[in-house]
Amino acid sequence: MRVSKKEKILDVAARYFSKYGYANAVLDDIAAEVGITKPAIYYHFKDKSDLYAAVLIGRLKRLADAVEAGVKGVEKPCEALDRYIVSFGEFLNENSCFAAILAHEFADDGANMPEDAARQLARTLGLLTEILDRGIAKEAFEIENPMVIQLTIVSSLVMHQTTEGLRRRVTGLVGENHTVRPEPDMRDLARILAKKVVKAVKRPETMQGRG
């Protein structure tokens, strides 16, 4: 399928924003890689902030859509929470540079995040909150703060996606004195994380079955 010029700009811009962050990404470099002039970017986007907003909002919306589709129709809270985390991990796995964009935003405390992007993030937190509330109502889950659970999920997945080189260096040093087990890929990590989070929020009496 032929990719439009606008979509190509967005894809290239996403890579530059993931590598350099909003402040240090340069429109001239983005235009050069796309094969256009910088003024040609302004045909599609008003300025760098408008381009960044399009990159961020578009990907956050697709993330929220993917997670929503993943949990749709799943009635049992434990299964829904598992699907939420696995769907989140699958999206990051398929959109490799997006985790780094999020990492830059987290480091900057959302300084460059437009309101519409924050609303898409709120959609994912809202989905998680609904799952946890349903589990609490059914006495399957302990009472938990949804933001704490969301931070556990997102930070684990984003850190895994953005720290491969550092982890390799550190585990190499650990391996001088200890046996280092192979690391999971993103999909396996999401599945492992899902099992651990579900286990952590379950009420003790439900460990063997309910929910």
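Residues numbered from 1 in each chain as written. Predicted model: local features only at pLDDT ≥ 70, side-chain atom pairs only at ≥ 80, totals over all residues. Heavy atoms only, no water.

### Brief notes about the pattern of salt bridges
- Going through the model one piece at a time under the given rule, you end up with 11 salt bridges.
- Between Asp65 and Lys61 there is a salt bridge; the shortest N-O distance is 3.0 Å. On the criterion of helical spacing, the pair formed by Asp65 and Lys61 is a turn pair, its members being four residues apart in helix α4 (residues 48-71).
- On the accessibility criterion, Asp65 (30% relative accessible area) is partly exposed. (Salt bridge = Lys/Arg side-chain N within 4 Å of Asp/Glu carboxyl O. Helix = DSSP H or I, 4+ residues; strand = E, 2+ residues; numbered from the N terminus. Buried < 20%, exposed > 50% of the residue type's maximum accessible area, 1.4 Å probe, protein only.)

### Focus on the environment of Ser155
- Checked against the element boundaries, Ser155 lands in helix α8 (residues 146-162).
- C-alpha separation for the pair Ser155 and Phe106, spaced 49 residues apart in sequence, amounts to 9.6 Å.

### Considerations on the layout of surface pockets
- Roughly 400 Å³ of internal volume is contained in the largest pocket.
- Taken together, 22 residues line the largest pocket, and the ones lying closest to its centre are Phe106, Leu121, Met147, Leu151 and Val154.
- Within the residue set of the lining of the largest pocket, elements represented by two or more residues are α6 (98-107), α7 (115-137) and α8.
- Considering each element in turn, the lining of the largest pocket owes the most residues, eight residues, to α8.
- Across the lining of the largest pocket, the residue classes tally to 15 nonpolar, five polar and two charged.
- Of the pockets and cavities examined, the second largest pocket occupies roughly 150 Å³.
- Forming the boundary of the second largest pocket are His160, Gln161, Glu164, Arg167, Arg168, Glu183, Pro184, Asp185 and Met186.
- For the lining of the second largest pocket, the elements supplying multiple residues, two or more each, are α8 and α9 (164-174). (1 Å grid on protein atoms, 1.4 Å probe; cavity = no way out; pocket = protein on both sides within 12 Å on 5 of 7 lines; lining within 4 Å. Points joined across faces, edges and corners; volume = space filled by probe spheres on them. Nonpolar A, V, L, I, M, F, W, Y, C, P; charged D, E, K, R; others polar.)

Remember, this is a structural readout, not a statement about activity or role.
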